[in-house]
Amino acid sequence: MNRIDLTGRVAVITGGARGIGYAVAERALASGAAVALWDADATRLEQARTALATAGAVSAHAVELTDETAVAAATRATLAAHGGRIDVLVNNAGITGGNAPSWEIAPAEWRRVIEVNLVAPYLVSRAVVPEMIRAGYGRVVNIASVAGKEGNPNASHYSASKAGLIGLTKSMAKELVGKGVLVNCVTPAAAQTELFRQMSEAQIAYMLSKIPMGRFVRVEEIAALVCWLASEECSFSTGAVFDITGGRATY
């Protein structure tokens with residue numbers, strides 16, 4: 001494994017207690033960063049903090065990411081825990097919301113997926129990015145999905161939320177040009193994480209059938225790309241969508 005240089009950086013990772021977020025935290029710590037894990041699951045969060053603590057400086061913050069007040073409090077707590085700085089933000093937390101045709105998804109479920117996958121990254125960015133602007137440096141990496149490019153059947157809420165996150169990425173990147181803050185997103189194919197528990201077997205089989213490489217992406221592969229985008233070496237890409245789909249998407 002090559003060492004991406006994040007020495008001295010402080011990274012906030014939402015949904016950092018498991019799955020892709022946990023893998024990003026592992027790679028960021030191995031690259032020299034301090035990490036603040038933000039997650040709604042307090043029990044799992046403490047387990048993750050304990051497991052990662054031997055690798056570097058880790059703080060854990062239980063936060064409902066769709067709650068503006070809670071996000072503001074988590075931002076203050078993170079700044080206090082890490083010397084008053086946040087250099088990197090990885091908006092990773094997300095849910096699938098199950099699978100059904102659009103007209104069969106309950107409105108409350110549809111709204112909840114949009115809140116967690118799109119509104120929450122907006123609220124977190126709104127709280128954290130001003131700190132980056134003040135410092136004159138920052139990297140924001142949003143975890144979108146190939147579903148946001150192509151639209152998966154029986155997942156309209158998830159697909160729409162991830163398409164919105166791609167749009168948010170592009171808008172924020174243009175707003176922040178010249179301020180030292182770069183904003184990019186990655187669009188993975190499906191990874192075998194706990195989110196699979198929210199999906200039907202038919203949906204999982206459909207997603208696998210669309211990947212030319214014939215396997216799901218590993219969370220460690222996503223983490224490597226995310227941590228490069230979070231580094232100083234990523235210096236001329238902003239508002240970009242980085243594909244990691246095993247050949248499914250070629251644009």
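Residues numbered from 1 in each chain as written. Predicted model: local features only at pLDDT ≥ 70, side-chain atom pairs only at ≥ 80, totals over all residues. Heavy atoms only, no water.

Visitor: For this particular structure, what's the right way to read the packing of aromatic side chains?
Guide: The geometry of an aromatic ring pair is captured by two quantities: the separation of the ring centres and the angle between the planes. A full pass over the atoms with the stated rule returns one aromatic pair. With 6.4 Å between their ring centres and 65 degrees between their planes, W228 and F242 make a pair best called edge-to-face. Here F242 lies in strand β7 (residues 241-244) and W228 lies in helix α8 (residues 219-229), a separation of 14 residues in the sequence. For W228, a relative accessible area of 29% corresponds to the partly exposed category. Between R9 and the ring centre of Y137, over which it is positioned, the NZ or CZ distance is 3.8 Å. (Phe/Tyr/Trp six-rings, centres within 6.5 Å; stacked < 30°, edge-to-face > 60°. Helix = DSSP H or I, 4+ residues; strand = E, 2+ residues; numbered from the N terminus. Buried < 20%, exposed > 50% of the residue type's maximum accessible area, 1.4 Å probe, protein only. Lys NZ or Arg CZ within 6 Å of the ring centre and 35° of its normal.)

Visitor: Hey, could you run me through the nonpolar core in this one?
Guide: Soluble globular proteins tend to bury their nonpolar side chains together. Grouped together as the largest cluster of nonpolar side chains are 35 residues, with contacts concentrated most on L6, V24, V35, L37, V90, I222 and V226. Counting residues per element, this core draws most heavily on α8, at seven residues. Among all residues touching V24, those that are not within four sequence positions of it are I13, V90, A223, V226 and C227. (Core = buried A, V, L, I, M, F, W, Y, C linked by side-chain atoms within 4.5 Å. Contact = heavy atoms within 4.5 Å.)

Visitor: Looking at this structure, how should I read the pattern of salt bridges?
Guide: A pair can form between side chains of opposite charge whenever their charged atoms are brought close. Under the definition given, this model contains 13 salt bridges. Across the salt bridge formed by R49 and E46, the nearest N and O atoms sit 2.6 Å from each other. Here E46 and R49 lie together in helix α2 (residues 42-52), a separation of three residues that amounts to about one turn. Linking R215 and E221 is a salt bridge whose minimum nitrogen-to-oxygen distance equals 2.8 Å. (Salt bridge = Lys/Arg side-chain N within 4 Å of Asp/Glu carboxyl O.)

Visitor: Looking at this structure, how should I read unusual backbone geometry?
Guide: Among all residues except glycine, the phi angle is most often negative; among peptide bonds, the trans geometry is most common. The phi torsion at N154 lies on the positive side, around 65 degrees, for a residue other than glycine. Residue position: N154 is located in the loop between α5 (147-150) and α6 (156-176).

Visitor: Sorry if this is basic, but what is going on with the sheet that holds strand β6 (residues 181-188) here?
Guide: Strand pairing in a sheet takes place through backbone hydrogen bonds and is either antiparallel or parallel in direction. Taken in spatial order, the seven strands make up an open sheet running β3-β2-β1-β4-β5-β6-β7, and their pairing is parallel. Two strands close off the open sheet at either side, each with one partner strand: β3 (58-62) and β7. When strand polarity is set aside, the average angle formed by the axes of neighbouring strands in this sheet is 20 degrees. Here four bridges tie strand β4 (residues 88-91) to strand β5 (residues 138-143), and the two strands are oriented parallel to one another. Bridge assignment links V88 to a residue of β5, and that residue is R139. The strands touched by α2 are β2 (34-39) and β3; relative to β3, the strand with the most contacts, the crossing angle is about 180 degrees. (Pairing = 2+ DSSP bridges. Axes fitted to C-alpha atoms, helices over the stretch in contact; angles between N-to-C directions.)

Visitor: What is the right way to look at the environment of K179 in this model?
Guide: With respect to the secondary-structure elements, K179 resides in the loop between α6 and β6. Taking the C-alpha atoms as reference points, K179 and G136, 43 residues apart in sequence, are found 5.9 Å from one another. Excluding residues that lie within four positions of it along the chain, K179 makes contacts with I133, G136 and Y137.

Visitor: I tried to follow the packing of helix α1 (residues 19-30) against α8 on my own but got confused; where do I start?
Guide: Packed helix pairs are characterised by how far apart their axes lie and by the angle those axes make with each other. Orientation of α1 relative to α8, taken along the N-to-C sense of each, is 55 degrees, at an axis distance of 8 Å. Taken together, the axes of α1 and α8 lie oblique to each other. The crossing of α1 and α8 is right-handed. Each of G19, I20, A23, V24, R27 and A28 in α1 lies in contact with α8, whose residues at this interface are V219, E220, I222, A223, A224, V226 and C227. Grouping the constituent residues of the contact of α1 with α8 by class yields 10 nonpolar, one polar and two charged. (Parallel < 35°, antiparallel > 145°, perpendicular 65-115°, else oblique. Left-handed = near helix turned anticlockwise from the far one by under 90°. Nonpolar A, V, L, I, M, F, W, Y, C, P; charged D, E, K, R; others polar.)

Visitor: Got a minute to help me understand the layout of surface pockets in this structure?
Guide: Rolled over the atoms, a probe with the dimensions of a water molecule shows which regions are left empty. Of the voids in this model, the largest pocket is the one considered here, and its volume is about 830 Å³. Forming the walls of the largest pocket are 44 residues, and the residues nearest its centre are N92, A93, G94, I95 and L195. Looking at which element gives the most residues to the lining of the largest pocket, the answer is α6, with three residues. Taken together, the residues that form the lining of the largest pocket break down as 23 nonpolar, 13 polar and eight charged. (1 Å grid on protein atoms, 1.4 Å probe; cavity = no way out; pocket = protein on both sides within 12 Å on 5 of 7 lines; lining within 4 Å. Points joined across faces, edges and corners; volume = space filled by probe spheres on them.)

Visitor: Explain the environment of Y122 to me, please; I cannot follow it from the model alone.
Guide: As for its placement among the helices and strands, Y122 is situated in helix α4 (residues 107-135). Along the backbone, Y122 and G164 are 42 residues apart, and their C-alpha atoms lie at a distance of 10 Å.

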